Amino acid sequence: MEIMKTTSAAMCGGESSGIPGLGSVISVTPTLSWLPDSVLLEVLSFLSVRDLIRSCRVCKRWKRLVLDKSLWRYVDLTPYKLNSKILWHLVRHWLGTSLQTLKLKGLLHSVKKQEFLTPAVLQVLEKRYPTLENLHLEEMNLRSLRYDCLPSTLKTLELSQCEIPLTWFKASPTKNRTVPKLENLIVNNVSSFSSHHFETICSQSALKTLYLSGTYRVHDIGIQKAIPYLKRLEHLKLHDCNITDITLHLIGCHLKHLRALALTDFRSLTDAGLACLAGVKTLEKLWLEYCFCFSSNSIIAVCVSLPALNYLNLNGIFFETKGIDEIRKSLPHCVVTNSFPEMDSMLKRK
């Protein structure tokens with residue numbers, strides 16, 4: 001948009017426009033420098049870390065804005081190839097004291113096997129950034145890094161495609177350190193994560209959210225040992241774990257505060273196990289994606305007994321005749337979805 005500035009000809013001492021009574025018209029092109037700090041900060045918040053650092057070279061004003069604490073609360077470094085030198089530079093000169101979330105991608109699948117995340121870096125993170133609560137580690141070899149080295153301020157830990165030793169979550173008796181009191185744990189495709197890890201971390205934390213995906217070493221017995229520590233659990237997602245109806249029975253008997261439950265791609269579960277979920281009266285959202293073993297009648301019987309249920313996801317399940325219509329009719333106050341994402345994506349490719 002072009003901004004026009006009109007000046008009275010009388011005040012300027014003449015009529016440059018050639019039209020009596022009309023002052024000279026000057027066309028001015030607006031620039032980003034015209035915007036107030038609050039708007040510029042909003043614009044800068046959409047930039048990546050690399051572009052944000054480059055932006056500080058524009059001018060002194062931009063450098064001041066780039067260093068604003070609001071821009072360094074959520075820092076995602078996973079798109080970049082890091083080493084210890086780069087990470088130390090970021091920690092010392094750029095990450096602000098308001099840092100809340102940090103995402104890092106390691107060197108597990110690269111030629112260089114020596115990880116840049118060390119106990120010394122973690123010690124500085126805890127000392128300088130007391131508000132750091134969320135840590136996401138991806139493709140990282142954690143075998144030489146103990147769990148009790150992580151900042152004690154953490155409330156959320158996400159491990160994706162990482163490697164951990166058998167005793168990783170066990171605190172060292174020789175170190176007088178406080179381990180993180182996690183509220184949220186997300187484990188995605190960590191093949192070494194076992195029932196032993198699961199029981200240990202649950203005994204040390206009061207989890208509210210738990211996502212386990214691709215953790216085939218977690219089985220019914222491990223869940224049975226850990227479930228007494230999960231009394232406060234509100235959100236649970238299980239995908240590609242080695243569980244049976246026994247786990248569903250444990251969920252129905254013990255998790256009385258559960259609000260959301262996601263079961264994805266299970267063929268070992270039956271209608272008998274599903275019936276156990278009728279005891280979770282607080283359940284509001286239920287995902288049964290790609291669980292072909294459940295019948296429509298069993299799903300109806302369980303869902304009508306859940307007074308708080310308002311969302312039911314049945315994506316990827318084919319029902320005979322009018323099965324899905326009967327489910328929707330039986331749950332008038334519940335949103336029921338029954339789409340087929342994989343089939344839709346295939347049709348789009350064609």
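What you are looking at is a predicted structure, and each value in this text was computed from that prediction instead of being measured.

Caption draft 1: Summary view of the overall build of the protein chain. Per the secondary structure count, the protein chain includes 13 helices and 13 strands. Long-range pairs, those at least 24 residues apart, make up 68% of the contacts in the protein chain between residues at least 6 apart in sequence. Put simply, the protein chain shows about 18,900 Å² of open surface, and 55% of that area lies on carbon and sulfur atoms.

Caption draft 2: The arrangement of the packing of helix α11 (residues 296-303) against helix α12 (residues 323-330) in detail. Put simply, α11 and α12 touch, their axes get as near as 9 Å, and they point 10° apart. By the angle between their axes, α11 is roughly parallel relative to α12. Taken together, the residues of α12 that come into contact with α11 (itself represented by S296, N297, I299 and I300) are G323, E326, I327 and S330.

Caption draft 3: Representation of the side chain of E115 within the structure. Looking at where E115 falls in the secondary structure, it is placed in the loop between β4 (101-105) and α6 (119-128). Judged by its relative accessible area of 13%, E115 falls in the buried class. Within the structure, the side chain of E115 is placed 3.1 Å from the backbone nitrogen of L107, a separation counted as a polar contact. Every residue in contact with E115, bar those within four places of it in the chain, is listed here: G106, L107, L108, E139, M140 and N141.

Caption draft 4: Quick peek at the packing of aromatic side chains. In total, this model carries 8 aromatic pairs according to the counting rule given. Residues W72 and W94 carry aromatic rings whose centres are separated by 6.0 Å and whose planes lie at 35° to one another, so their mutual orientation is tilted. Here W94 lies in the loop between α5 (84-93) and β4 and W72 lies in the loop between α4 (60-66) and β3 (74-76), a separation of 22 residues in the sequence. Across the pair, exposure class does not vary: W72 and W94 are buried alike. Taken together, the ring pairs connect Y147, W168, F169 and F193 into an aromatic cluster.

Caption draft 5: Inspection of the pairing of strand β9 (residues 235-239) at higher detail. Here β9 shows a buried face lined by L236 and L238 and an unburied face lined by H235, K237 and H239. Direction of pairing for strand β8 (residues 209-213) relative to β9: parallel, over a ladder of 5 bridges. Each bridged residue has a counterpart across the sheet, and for T209 the counterpart in β9 is H235. Strand direction decides the pairing type here: β9 and strand β10 (residues 260-264), joined by 5 bridges, are parallel. For H235, the partnering residue across the bridge sits in β10 and is A260. The handedness of the β9 to β10 crossover, carried by helix α9 (residues 245-254), is right-handed.

Conventions and cut-offs
- Residues numbered from 1 in each chain as written.
- Predicted model: local features only at pLDDT ≥ 70, side-chain atom pairs only at ≥ 80, totals over all residues.
- Heavy atoms only, no water.
- Helix = DSSP H or I, 4+ residues; strand = E, 2+ residues; numbered from the N terminus.
- Contact = heavy atoms within 4.5 Å.
- Areas by Shrake-Rupley, 256 points an atom, 1.4 Å probe, with all protein chains shown as cover.
- Axes fitted to C-alpha atoms, helices over the stretch in contact; angles between N-to-C directions.
- Parallel < 35°, antiparallel > 145°, perpendicular 65-115°, else oblique.
- Buried < 20%, exposed > 50% of the residue type's maximum accessible area, 1.4 Å probe, protein only.
- Polar contact = N/O pair within 3.5 Å; in protein donor to acceptor, adjacent residues only side chain to side chain.
- Phe/Tyr/Trp six-rings, centres within 6.5 Å; stacked < 30°, edge-to-face > 60°.
- Pairing = 2+ DSSP bridges.
- Right-handed = clockwise from strand over helix to strand, strands pointing away.

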